[in-house]
Amino acid sequence: MRNAQYIQKLIIDPKGLAKPAQVGVDLTLDTVKRIVGGAHIPRDPGKTQHGVLEEVTPEEIAHYENEEPRKAFTLEPGTYSIGFDQGLKPLASTDTAIIYNRSSLGRNGVVIRSSIYDPGFDTPSMGAVMYVYTPIVIEQHARVAQIVIHRNEEANLYDGQYKGEKDFR
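Residues numbered from 1 in each chain as written. Predicted model: local features only at pLDDT ≥ 70, side-chain atom pairs only at ≥ 80, totals over all residues. Heavy atoms only, no water.

A. Looking closely at the overall build of the protein. A tally of regular secondary structure across the protein gives two helices and 13 strands. Split into buried and exposed, the 169 residues of the protein put 37% on the buried side. Considering only contacts within the protein whose residues lie at least 6 apart along the sequence, 71% involve residues at least 24 apart. By element, 50% of the accessible surface of the protein is carried by carbon and sulfur atoms, the whole surface being about 9600 Å². (Helix = DSSP H or I, 4+ residues; strand = E, 2+ residues; numbered from the N terminus. Buried < 20%, exposed > 50% of the residue type's maximum accessible area, 1.4 Å probe, protein only. Contact = heavy atoms within 4.5 Å. Areas by Shrake-Rupley, 256 points an atom, 1.4 Å probe, with all protein chains shown as cover.)

Set out below in structure tokens:
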């Protein structure tokens with residue numbers, strides 16, 4: 001597994017919110033959309049029909065005197081498409097990445113998972129799927145996930161339809 005210093009060089013972080021961990025980099029929550037409806041996954045991957053997404057907007061939550069108001073997502077159990085404040089530069093032919101939830105979310109009934117980020121993949125805005133099992137309030141820009149990069153044997157670089165695009169809906 002690659003260390004945080006290596007990974008941090010690959011992170012696009014215009015707001016400066018990503019934080020290094022031991023073998024990964026913490027990512028922060030920017031957007032949340034609830035996945036409703038269904039999807040159709042055909043044999044031809046360029047023809048996937050996605051489920052319907054409903055925007056979940058940040059709202060004001062309680063704050064203390066002399067503190068700035070905080071924006072937060074109040075989430076009920078369900079499945080969500082989330083976007084992070086961070087993007088990813090192209091991965092080397094010997095790197096594969098994946099995103100996992102931070103343990104604080106896991107302890108509170110939330111699981112975050114991404115698809116595999118293949119060698120050569122890049123995106124201006126990373127995303128993942130979030131499964132919420134118990135109601136939770138998550139502040140916008142909170143550290144919720146960690147990206148890790150595994151070293152792999154030399155591989156062909158990704159050249160699919162999502163290269164350089166947002167990898168979530």
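Read on for the rest.
B. The arrangement of the packing of aromatic side chains in detail. Tallied over the full model, the rule gives one aromatic pair. Taking the centre distance of 5.4 Å and the plane angle of 75° together, the rings of Y117 and F121 count as edge-to-face. No difference in accessibility class separates Y117 from F121, as the two residues are buried. Above the ring of Y6, the side-chain terminus of R2 is found at 4.1 Å from the ring centroid. (Phe/Tyr/Trp six-rings, centres within 6.5 Å; stacked < 30°, edge-to-face > 60°. Lys NZ or Arg CZ within 6 Å of the ring centre and 35° of its normal.)

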